Amino acid sequence: MLLPKYSRRRIVEAAIIVLFVIIFLSVHVGRVWDYKIEHEYPYYFNANDNFFHSELSYYVKEKGNYDTSPYYVFGGYTDVEGYLPPLLYHLSAGVSLLAGMETYDTTYMVTIMLTVFAALLIFFSIRRVNEKLALLSLPFMIGIFAMPFEIPYAWGLWIFLMGAVFFMSVVWYLTAEKPKYSFLILAVLLSGAAFGHASELIFSIGLIAVYLVIIYFITKKLDQQDVRMIIISLIIFGVISAYYLLIFYFTYMTIQPFTLSVMEAPVFAPNFPVNMDTFGYIQYLLILGLLVAIISLVSKDEMKSLINVEKTPFLLIAIIYVILIGFTNYIGFGVRAFQMRTIWPILLAALTAMPIYTGLLFVKMLRFRYVVPISVVLLLVLASTYYNVHAGTGMMDKETWDAFKWIGNNTEKNSKIFWFYSLPMVQEFSLFSSKRIPFKVSIDDYVDGVNSHAIKNTYNGSIVVLTDAKIQFSRSITNYGYHMDEDLFKKIEVQNTNSAMDYYVFGLAKIDDVAINYNKLIVSKMLESNSASVVFSNSAIVILKTNRS
Amino acid sequence: MKNKLPTDLYYLAGSFITLLVILRIVFINEDLFAILKFSSSFFWIFVIPAFIMTYLYKINFIERFAISVVLSAALMGIGMYYLGLMGVHIKYSVMLLPIVYSSFSALVMVLYRVKTAPKKVMGLSVPAPNQQRSLA
């Protein structure tokens, strides 16, 4: 028989891991996806980023590569370099092609699956220090103590999660043994971070530097082999990533350079910053755990053996490092620091579990047969307590999605689509889902029309476009231009409806009744004047096409 | 560690069924065929490419599985990106790359095993000098 006999302990541990994966996926995806893996329209899309990343995955799937960006995202320019971290888009496009699923499903599915396996790597890092502490940590990794922890999943900070996956893997790498040739593993992980989300690459390299410093302090010398392996892996990583990092440098880093500035609240969720108190009651466990960790690090004898800190002191240092980088918003890392805080439940799980661990130790119940049921009960209690932190299945509905599909399938590629007030305008990047250049009505001008009960001949509007890298294009590998600086862009920045547009879209549901009635009035007037004809309509959206003589 | 890989192949098959069961529970309203399609794609893209590479480490199966998921993600994403820039459509590279990565890893592993295999001297096994750094 080839199968070896696994100890009962290993089997129980595996069962708890399976239970954790089921609960993690159920909480973060199953419940909000109506317990289905495929959908007729995007589920649990709540913000711009959800739509945007999903759209780029679709673009890569259709085009087959990411040498340029979709023209309809960049105001019609077809030469905009593919500069956003490409890893997620390629992976979700690949799964979409193989499984025959839509990219709006696979993009989130890939993200969540990678996140759960990265959480398991942190589990194994803790397990190397102490098996029982790892089992007690696992339930806290579900990470649903409050809404801010759900934001990366619900609001589509998916490329950040990709970076975080590789950051967690680097933590795993540094706490694991380092056999010969394991520099290859580190090189791949760092490259993954570079192609996943560059800020986590910077945090990962910082962690490696901290690792070398800590090893030096503990052993009073630097292990030559350790240093050599890290240098070799950095060289390999540099070779693998140079091309994309060059693009990244001339786009994001040039337009949004690092500055020593203070950010008080995250721009992606100003009302939902993660702080220690976001953990609710769990924060007391966390603070106690932090105290135990610090004492165990600095104390000489008993406390060190308490959590077997001699074995892997670096894990605790890494955890403290993670807390510190969460506060680098005060030295210029801004939104990136706030993003890291959202995965504290996974990274700080060992601290959260530590008071329970020490409590069990003091009452002499720190045995596997007690730890296992406690871990299972914690998993179930935490999951059931916080199961409904974020309710709902997102902002999209089938009717609106059908309108997007109709536009993408039935209009000319260079069509200009003018969106009057409607559901998708709430998160304007969702308009890219039409695969056409979107323009949106000026809310001020629109509200002015509503208030004056007047149907105007002209409504001001603006193009919806992604400008975070100034719509860059490359002249050569180190020479970039920016369409944002050109007159051509300025010309199309503001438009009106005087037959300048090819299609007009109006919302008829899920928005304020006043807006619905006003939209209906505009539609009636346009039809009466014979300036446009209805080409698509359902209960949520009506689309008019300009009649050109 | 001699029979580790063949044993792990059994576990790999078991893990596929486990993943299928997990996803079936999480997506209870879904058709089993859709879950099967996703699970198969997941294995092809996120497990197969780097699984053999993880034999650099002496770790248990679940840990090996977890790190191979992350490593495969990096290898596949980067590979598809560069091949795409070279004109290979992603629909081909997603099929091709797992075979390339796993074949290459297997080849390197076999060569390393041959290099470090104990040599028979007068009927007795003599370990190679660097045996303690075995890939297994």
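This section reports on the structure supplied with the text. (Residues numbered from 1 in each chain as written. Chains lettered and ligands numbered in written order. Predicted model: local features only at pLDDT ≥ 70, side-chain atom pairs only at ≥ 80, totals over all residues. Heavy atoms only, no water.)

### Things to note about the overall build of chain B
Looking only at helices and strands, chain B has five helices and two strands in total. Its helices and strands in sequence order give chain B the pattern α-α-α-α-α-β-β, from N to C terminus. When each of the 136 residues of chain B is scored for burial, the buried share is 52%. Long-range pairs, those at least 24 residues apart, make up 47% of the contacts in chain B with a sequence separation of at least 6. Split by element, the accessible area of chain B, about 6400 Å² in all, is 73% carbon and sulfur. (Helix = DSSP H or I, 4+ residues; strand = E, 2+ residues; numbered from the N terminus. Buried < 20%, exposed > 50% of the residue type's maximum accessible area, 1.4 Å probe, protein only. Contact = heavy atoms within 4.5 Å. Areas by Shrake-Rupley, 256 points an atom, 1.4 Å probe, with all protein chains shown as cover.)

### Observations concerning the overall build of chain A
Along the backbone of chain A there are 21 helices and nine strands. Its C-alpha atoms give chain A a radius of gyration of 26 Å, within 12% of the compact-globule value 24 Å for 549 residues. Here the C-alpha coordinates of chain A stretch approximately 90 × 55 × 50 Å along the principal axes. Evaluated residue by residue, chain A yields a buried proportion of 59% over its 549 residues. Partitioning the intrachain contacts of chain A with sequence separation of at least 6 by distance along the chain shows that 73% fall at a separation of at least 24. Here chain A displays about 21200 Å² of accessible surface, and carbon together with sulfur accounts for 59% of that area. The average position of the 41 basic charges and that of the 40 acidic charges among the side chains of chain A differ by 10 Å. (Rg over C-alpha atoms; globule rule 2.2 N^0.38 Å. Lys, Arg positive; Asp, Glu negative; His and termini not counted. Charge placed at Lys NZ, Arg CZ, Asp CG, Glu CD.)

### Describing the nonpolar core
Counting residues in hydrophobic clusters, the biggest one holds 248 residues, and the most contacted among them are F20 and L91 of chain A. Ignoring any residue separated from it by four or fewer positions in sequence, one finds F20 of chain A in contact with V116, A119, L120, L138, M141, I142 and L379 of chain A. (Core = buried A, V, L, I, M, F, W, Y, C linked by side-chain atoms within 4.5 Å.)

### Some words on the interface of chain B and chain A
With 55 residues of chain B in contact, the opposing surface of chain A contributes 74 residues. Between chain B and chain A lies a buried interface of about 5700 Å² when both sides are counted; carbon and sulfur atoms form 78% of it. It is F38, Y57 and Y81 of chain B that lose the most area in chain B upon contact with chain A, and together they represent 13% of the buried surface on that side. In this assembly, chain B and chain A are joined by one salt bridge. Put simply, E63 of chain B and R128 of chain A hold a salt bridge, and the shortest N to O gap is 2.1 Å. At the surface where chain B touches chain A, the tally comes to 12 residue pairs in polar contact (both at pLDDT 80 or more). Counting residues per element, the ones that place at least two in the side of chain B that touches chain A are α1 (4-26), α2 (32-46), α4 (61-85) and α5 (90-116) of chain B. Looking at the side of chain B that touches chain A element by element, the count peaks at 20 residues for α4 of chain B. When grouped by side-chain class, the residues that make up the side of chain B that touches chain A number 41 nonpolar, nine polar and five charged. (Buried area = accessible area lost by both parts, 1.4 Å probe. Salt bridge = Lys/Arg side-chain N within 4 Å of Asp/Glu carboxyl O. Polar contact = N/O pair within 3.5 Å; in protein donor to acceptor, adjacent residues only side chain to side chain. Nonpolar A, V, L, I, M, F, W, Y, C, P; charged D, E, K, R; others polar.)

### Examining the environment of Y59 of chain A
Residues and elements named next belong to chain A. As for its placement among the helices and strands, Y59 is situated in helix α2 (residues 48-63). Residue class for Y59 comes out buried when judged on its relative accessible area of 11%. A C-alpha to C-alpha distance of 8.5 Å links Y59 and A93, two positions 34 residues apart in sequence. Excluding residues within four positions of it along the chain, Y59 makes contact with G64, N65, Y66, T68, S69, P70 and Y72.

### Looking at the environment of V29 of chain A
For V29 of chain A, the position within the fold is in helix α1 (residues 8-30). For V29 of chain A, a relative accessible area of 0% puts it in the buried group. Between the C-alpha atoms of V29 of chain A and L91 of chain A, which are 62 residues apart in sequence, the distance is 18 Å. Once residues lying within four places of it in the same chain are set aside, the contact partners of V29 of chain A are Y108, M109 and I112 of chain A together with F27 of chain B.

### Overview of a nonpolar patch on the surface
On the surface, a cluster of nonpolar side chains totalling about 630 Å² of accessible area is made up of F258, L260, V262, F327, Y330 and I331 of chain A. Positionally, V262 of chain A belongs in the loop between α10 (224-255) and α11 (282-298). (Patch = residues over 30% accessible without salt bridge, like charges linked within 9 Å, V, L, I, M, F, W, Y side chains within 5 Å.)

### Considerations on unusual backbone geometry
Most peptide bonds take the trans configuration, and most residues that are not glycine carry a negative phi. Residue and element names in this part refer to chain A. With a phi close to 60°, K510 is a non-glycine residue in the positive phi region. By relative accessible area, which is 53% here, K510 ends up exposed. Located in the positive-phi region is N530, a residue other than glycine, with phi close to 60°. The topology assignment puts N530 in the loop between α21 (513-528) and β8 (532-537). By relative accessible area, N530 is classed as exposed at 55%.

### A word on helix α16 (residues 349-362) of chain A
Residues and elements named next belong to chain A. For α16, built from 14 residues, the straight-helix expectation of 20 Å at 1.5 Å per residue is met to within 8% by its first-to-last C-alpha distance of 20 Å. P355 marks where α16 bends most, by close to 30°. Counting buried positions along α16 yields 10 of 14 residues, so the element is predominantly enclosed. Of all the positions in α16, only A349, A350, L351, T352, A353, M354, P355, Y357, T358 and L360 are classed as buried. (Expected span 1.5 Å × (residues − 1). Bend = angle between axes of the 7 residues up to and from the residue.)

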